[in-house]
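# Structural overview
Residue strings, one per chain:
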Amino acid sequence: VLTAAVYDQNGNFLAGDAVPVVMAPAPKVTVAGVTPNQKLTGAATLTPAVNFQATYVKYEVTDPATGATIVLGQGDPQGRLTWTPQMTDIGNRTIRVTAYDRLGQAYPAAPVPVTVEVQRQLALTGVKANATVDRPVTLGVAANFPFSKVQYVLRDPATGAEEVLLQRDGWGTYRWFAVPGQTGRREVLGVLIDAQGNIFSTEAVPVEVKGDPKISLATVGPNQVLNGAVPLKAEANVPLAQVEFQLVNPRTGAARAVAGGTDALATYTWTPVKTDDGNWQLRAMGVTAGGDRLYTDAVPVRVFAGTLYGPKPIIEKPKFLDFTSDLAVSTMQKTGMSAALQVAQAILETGWGQSSPVDKYTGQMSNNLFGIKGSGSAGSVTSNTWEEYNGVSYRIDAAFRAYTNPAESWDDHQRLLLTKSWYAPFREVMFDSTQGAWALKRCGYATDSQYPIKLIEIIKREGLFRLDEVGI
């Protein structure tokens, strides 16, 4: 039924009409970005064209000679996927996209024949040209062909002398902490050896190495909150006879040992006590065989030896669906935003209302249904977020919005989606749960590549699409 309605400036219905029609288009799926018999010498950006409401699309590449098929991935029916062929793909191939509707029915496009003619490519990763290497770095090699061994090599450009930093079977990275003998202008390169014994080298990357004796803290990062058993480990570029982990008073500089021993490679454990509570600096001190002392950077940390509070339920799980459905339908009637999508987001973000951020130190409830950071109507609560230091991920404190009740959180979330400029593409399709789910991802709402798929699966499993049905 196609309808039209007229409203006055106050939103009052004035007149309308409805016409019954029969919709029977034939499903059609095609893929753009490649043309029949095209020669691919590099990456191809594939875009699906679908004339029905697809839930997601899947891309496949097939070798017509053997029938072997590789699934490139599944994704946004309104988005794109970039395929970078490997040398193992050289030859005749077919590319096909398949679209899936809400019921899981597959609609494949006609396969597009192409010929892959890519060149061998390899590159060193982990360091940039002319960088100063004065701390640990993780070296890797990116290549578009298979190989059986990898070497990481350090070269002196003045003499041509080479040092193999690491050789290993198969692919693998190498954590390089330059030693004193490597100081100066150097070149770093990766060397790959295939199954036939052929040798291939990356371009040499020039770097300035500062390999003076150093020690680095490996398990604790800046602004981390230390609670419970804290693992402590250091890494050094010279042999150590002893390692000691020290807590430093940032005001006085006074330091005291909290862990350590003669095994400099070991991971030690320190459990803070109540008298340790407060803001400190943590560092490691290593003693070389010659008696020299090396210190890491003093990392600012907060010590809290008390009880930490974790996420809490907002409402009993059996009541969550009815509670959020009422809020979502009300919002949909005012704004047109899919109620099904709103409920699915709340389910996914809070685990059916059972995991809402609370203040980790006081236990204050946030009533935050969507994990939004910042300050809300009831201020904020302190919970966890993730950072990275020296290649290690760890948790730090972050402020999450707090509300006097969950309904305020709901309204705030809708206000965010309806007013922020970067969600404008979402607002164009927010009436539809599937298009809206993918638009949220494109607008940067979530980093999880599967976020739209998870929302769509919740909507399908729980039958939430019924919330978007309206009467005429």
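Residues numbered from 1 in each chain as written. Predicted model: local features only at pLDDT ≥ 70, side-chain atom pairs only at ≥ 80, totals over all residues. Heavy atoms only, no water.

## Here we look at the nonpolar core
One finds F426, Y445 and L464 to be the most contacted residues of the largest nonpolar core, which totals 40 residues. In terms of residues, this core owes the most to one element, helix 2 (residues 339-350), which gives seven residues. In this structure, Y445 is in contact with Q345, E349, F370, H413, L417, Y423, L440 and Y451, ignoring residues within four places of it in sequence. Ranked by size, the runner-up nonpolar core spans 25 residues in total, among them V230, F245, V258 and W270. (Core = buried A, V, L, I, M, F, W, Y, C linked by side-chain atoms within 4.5 Å. Buried < 20%, exposed > 50% of the residue type's maximum accessible area, 1.4 Å probe, protein only. Helix = DSSP H or I, 4+ residues; strand = E, 2+ residues; numbered from the N terminus. Contact = heavy atoms within 4.5 Å.)

## Thoughts on the packing of helix 2 against helix 5 (residues 433-442)
The N-to-C vectors of helix 2 and helix 5 enclose an angle of 50°; their axes lie 8 Å apart at closest approach. Between helix 2 and helix 5, the crossing angle belongs to the class labelled oblique. Between helix 2 and helix 5 lies a crossing whose hand is right-handed. In this structure, helix 2 contributes A340, L341 and Q345 to the contact, and helix 5 contributes S433, G436, A437 and L440. (Axes fitted to C-alpha atoms, helices over the stretch in contact; angles between N-to-C directions. Parallel < 35°, antiparallel > 145°, perpendicular 65-115°, else oblique. Left-handed = near helix turned anticlockwise from the far one by under 90°.)

## A look at the packing of helix 2 against helix 6 (residues 451-462)
Geometry of a packed helix pair, given as the angle between the helix axes and the separation of the axes. One can describe the packing of helix 2 onto helix 6 by two numbers: an axis separation of 9 Å at closest approach and a directional angle of 110°. As judged from the angle between their axes, helix 2 and helix 6 are roughly perpendicular. For the element pair helix 2 and helix 6, the recorded crossing hand is right-handed. Judged by residue contacts, A340, L341, A344, Q345, I347, L348 and E349 of helix 2 engage Y451, K454, L455, I458 and I459 from helix 6. Taken together, the residues of the contact of helix 2 with helix 6 sort by class into nine nonpolar, one polar and two charged. (Nonpolar A, V, L, I, M, F, W, Y, C, P; charged D, E, K, R; others polar.)

## Considerations on the sheet that holds strand 3 (residues 29-32)
Across the sheet, which stays open at both edges, the three strands sit in the order 3-5-8 with antiparallel pairing between neighbours. The sheet terminates laterally at strand 3 and strand 8 (81-83), the two strands that pair on one side only. Put simply, the sheet's adjacent strands are angled 30° from each other on average, direction ignored. One ladder, built from four bridges, connects strand 3 with strand 5 (residues 44-50); its direction is antiparallel. (Pairing = 2+ DSSP bridges.)

## Examining helix 6
Relative to the 16 Å expected for 12 residues at 1.5 Å per residue, helix 6 spans 17 Å between its end C-alpha atoms, a close match to the ideal helical length. Taken residue by residue, helix 6 has Y451, P452, I453, L455, I456, I458 and I459 as its buried positions. Contacts made by the buried residues of helix 6 are with strand 6 (56-62), strand 7 (69-75), helix 2 and helix 5. Backbone geometry just downstream of helix 6 places G463 in the positive-phi region, at approximately 65°. (Expected span 1.5 Å × (residues − 1).)

## A closer look at the layout of surface pockets
As a volume, the largest pocket reaches approximately 1100 Å³. Lining the largest pocket are 42 residues, with K373, N384, T385, W386 and F400 positioned closest to its centre. Going through the elements one at a time, strand 22 (224-226), strand 23 (230-232), helix 2, strand 31 (380-389), strand 32 (392-401) and helix 6 are the ones with two or more residues in the lining of the largest pocket. Its residues assigned to classes, the lining of the largest pocket comprises 21 nonpolar, 15 polar and six charged. Looking at the second largest pocket, its volume works out to about 820 Å³. Counting residues per element, the lining of the second largest pocket draws most heavily on helix 6, at three residues. (1 Å grid on protein atoms, 1.4 Å probe; cavity = no way out; pocket = protein on both sides within 12 Å on 5 of 7 lines; lining within 4 Å. Points joined across faces, edges and corners; volume = space filled by probe spheres on them.)

## A closer look at the environment of T55
Within the secondary structure layout, T55 lies in the loop between strand 5 and strand 6. C-alpha separation for the pair T55 and D397, spaced 342 residues apart in sequence, amounts to 37 Å. With near-sequence residues (within four places) excluded, T55 lies in contact with P77, Y100, D101, R102, T434, W438 and I456. A polar contact is formed between the side chain of T55 and the backbone oxygen of D101, at a distance of 3.4 Å. Separated by 3.3 Å, the side chain of T55 and the backbone nitrogen of R102 make a polar contact. (Polar contact = N/O pair within 3.5 Å; in protein donor to acceptor, adjacent residues only side chain to side chain.)

## Describing the pairing of strand 16 (residues 162-169)
Relative to strand 16, strand 15 (residues 149-155) is paired through seven bridges, and the arrangement is antiparallel. Each bridged residue has a counterpart across the sheet, and for L154 the counterpart in strand 16 is E163. Remark: six residues form the turn of the hairpin made by strand 15 and strand 16, two consecutive strands paired antiparallel; G160 in that turn has positive phi of roughly 80°.

## A closer look at the sheet that holds strand 14 (residues 137-143)
Paired through backbone hydrogen bonds, the strands of a sheet run either parallel or antiparallel to each other. Strands sit in the order 12-14-17 across an open sheet of three strands; the sheet is antiparallel. Two strands close off the open sheet at either side, each with one partner strand: strand 12 (122-125) and strand 17 (174-176). Strand-to-strand twist of the sheet, defined as the mean angle between neighbouring strand axes without regard to direction, takes the value 25°. Pairing analysis gives three bridges linking strand 14 to strand 17, with the strands arranged antiparallel. When the bridges of strand 17 are listed, T138 appears paired with R175.

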